[in-house]
Structure formats: C-alpha cells, structure tokens
Amino acid sequence: MAIFLNHLWIDPTLTLIIAYLLYAQVGWSAFVGIGAVFIVVPLQSYTGGLSSKFRHRIALRTDKRVRLMDEIVNGVQVIKMYAWEKPFNKLISEARRDEIKELLKVYMVRGVFMTFMMFTTRVALFSTLVTYALSGDPLKASFVSRQLCSDKRGETRRRAPYSHSTQNKRLLT
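Fair warning: this is a prediction, and the values are worked out from it, not measured in the lab. (Residues numbered from 1 in each chain as written. Predicted model: local features only at pLDDT ≥ 70, side-chain atom pairs only at ≥ 80, totals over all residues. Heavy atoms only, no water.)

A. Just the overall build of the protein, in detail. Each helix and strand counted, the protein has five helices and zero strands in total. Residue burial in the protein is summarised as follows: out of 173 residues, 32% are buried. Pairs at least 24 apart in sequence give 84% of the contacts found in the protein among residues at least 6 apart. (Helix = DSSP H or I, 4+ residues; strand = E, 2+ residues; numbered from the N terminus. Buried < 20%, exposed > 50% of the residue type's maximum accessible area, 1.4 Å probe, protein only. Contact = heavy atoms within 4.5 Å.)

B. Quick look at the environment of Thr47. As for its placement among the helices and strands, Thr47 is situated in helix H2 (residues 29-74). With 69 residues separating them in the primary sequence, Thr47 and Phe116 have C-alpha atoms 9.9 Å apart. What Thr47 contacts, discounting residues up to four positions off in sequence, is Val109, Val112, Phe113 and Phe116.

C. Spotlight on the packing of H2 against helix H4 (residues 85-134). Direction vectors running N to C along H2 and H4 enclose 170°, while the axes themselves pass 8 Å from each other. As summarised for this structure, H2 and H4 are arranged roughly antiparallel, according to the angle between their axes. Looking at the contact of H2 with H4, its residues break down into 26 nonpolar, 11 polar and 10 charged. (Axes fitted to C-alpha atoms, helices over the stretch in contact; angles between N-to-C directions. Parallel < 35°, antiparallel > 145°, perpendicular 65-115°, else oblique. Nonpolar A, V, L, I, M, F, W, Y, C, P; charged D, E, K, R; others polar.)

D. Representation of the pattern of salt bridges. For the structure shown, the criterion picks out five salt bridges. A salt bridge links Arg96 to Glu99; the nearest nitrogen and oxygen atoms lie 3.1 Å apart. With Arg96 and Glu99 both in helix H4 and three residues apart, the pair spans about one turn of that helix. Glu99 gets classed as buried once you look at its relative accessible area, which sits at 5%. (Salt bridge = Lys/Arg side-chain N within 4 Å of Asp/Glu carboxyl O.)

E. Representation of the UniProt feature "transmembrane region" (unreviewed entry) in the protein in the model. As annotated by UniProt and renumbered to match this structure, "transmembrane region" (unreviewed entry) occupies residues 20-43 and 111-134. Counting secondary structure, residues 111-134 comes out at 100% helix and 0% strand; the distance between its end C-alpha atoms is 33 Å. (UniProt positions renumbered as here; feature names shortened; annotations may be inferred.)

F. Layout of the packing of aromatic side chains. Overall, the coordinates contain two aromatic pairs when judged by the stated rule. For the ring pair Tyr23 and Phe31, a centre distance of 5.3 Å and an interplane angle of 40° mean the geometry is tilted. Judged by its relative accessible area of 45%, Phe31 is partly exposed. Measuring from ring centre to ring centre gives 6.4 Å for Trp84 and Phe88, while their planes differ by 35°; the resulting arrangement is tilted. (Phe/Tyr/Trp six-rings, centres within 6.5 Å; stacked < 30°, edge-to-face > 60°.)

G. Seen up close, the packing of helix H1 (residues 7-26) against H2. Contact geometry for H1 and H2: axes closest at 7 Å, N-to-C directions at 150°. Accordingly, the angle class assigned to the pair H1 and H2 is roughly antiparallel. Between H1 and H2, the residues in contact are Thr15, Ala19, Leu22, Tyr23 and Val26 and Ser29, Ala30, Phe31, Ile34 and Phe38, respectively. Of the residues belonging to the contact of H1 with H2, the class tally is eight nonpolar, two polar and no charged.

H. Looking closely at a nonpolar patch on the surface. On the surface, Tyr23, Trp28, Phe31 and Val32 cluster together into a nonpolar patch covering about 420 Å² of accessible area. Take Tyr23: it is sitting in helix H1. (Patch = residues over 30% accessible without salt bridge, like charges linked within 9 Å, V, L, I, M, F, W, Y side chains within 5 Å. Areas by Shrake-Rupley, 256 points an atom, 1.4 Å probe, with all protein chains shown as cover.)

I. Region of the structure containing H4. For H4, built from 50 residues, the straight-helix expectation of 74 Å at 1.5 Å per residue is met to within 8% by its first-to-last C-alpha distance of 71 Å. Along H4, the sharpest change in direction is near 40° and occurs at Phe119. At the C-terminal side of H4, Gly136 shows a positive phi close to 100°. (Expected span 1.5 Å × (residues − 1). Bend = angle between axes of the 7 residues up to and from the residue.)

Written out as structure tokens, the structure is:
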C-alpha cells in the first residue's frame, strides 16, 4: 500500500514538468490534452473510492454467508432430523445472490475505471494534436516525442488513482 504513497507528490510534479515540455513544443494546445487528463483523474479517484465501498459491502455479505454456513454445518443433524434442507438451501442461495450482486457492482465500477485508464492518454494526445492542427500549425514528425510525453502522463494518471484507492482501502481496514 505504501508503494503508491509517493505518487501523491511525484505525479503532480511530473505532470507540471510534462506540461512545460509540451507547451515548449506545441504551445497552448498542450493544455487541452492536459485538461483532458485533469478532467478524468477526479472521476478515476471517485470510481476507486466507490470500488472500495463496494468491496467493503462484499466482505460484509461474505461474512454473513460464511456465518450461515457455519451454523448449518454445526447444526446439520438437527436440520436433517427436521427436514429443513430446502429452507436452509434457500437462505444460502439468497445470501450468495446478495454477494454476487455486490460483486457485479464492483466489476462494473472496475470496468469504468479500467476504461478511463486505457483511453485517457489517447484522448489527451488526440485532443492535443487536433487542437494543434486546427490552430493552423502543420503536424510534423516531432510529435513522436510528444506522444512519449503523453505516455508518461498516462503512467502518472494510472498510478494516482491507485494511490488514492489504496489509501481508501487502508482507511477501511
């Protein structure tokens, strides 16, 4: 968990350096791409926190189901004696269904999170290039270096939400 803690200060510093380097190469068009990243980072932090909240709910549901199973195992003779298998099977099925509903929520949020992770850098680069081209400047081969800077920005964007999510998990435990 502490691995990502340094990225809470490294990532903003790296973003400022990359912003300066991009500005030196493409001018104000660089801020359009960086703006795209700044729009997505809070959304990723929010989805990371949401994921932590849902994981906590899953843990509660799983604990409930495990306690129920423990009671059933301990009282299996009484359950068999009174033929309560079907009612207890229904209880277990309901507990598992609730747990799976929460798992589905986690994976939906994680899917949104991963989508942001995969496409933010590309959207930032695309918006920078389009803005630069629409401002009347010709696109040149030197944009390869800008893409490398954009990839570094992407690494920053990937680590920052993990650091926030990790801190949220730490606070839950």
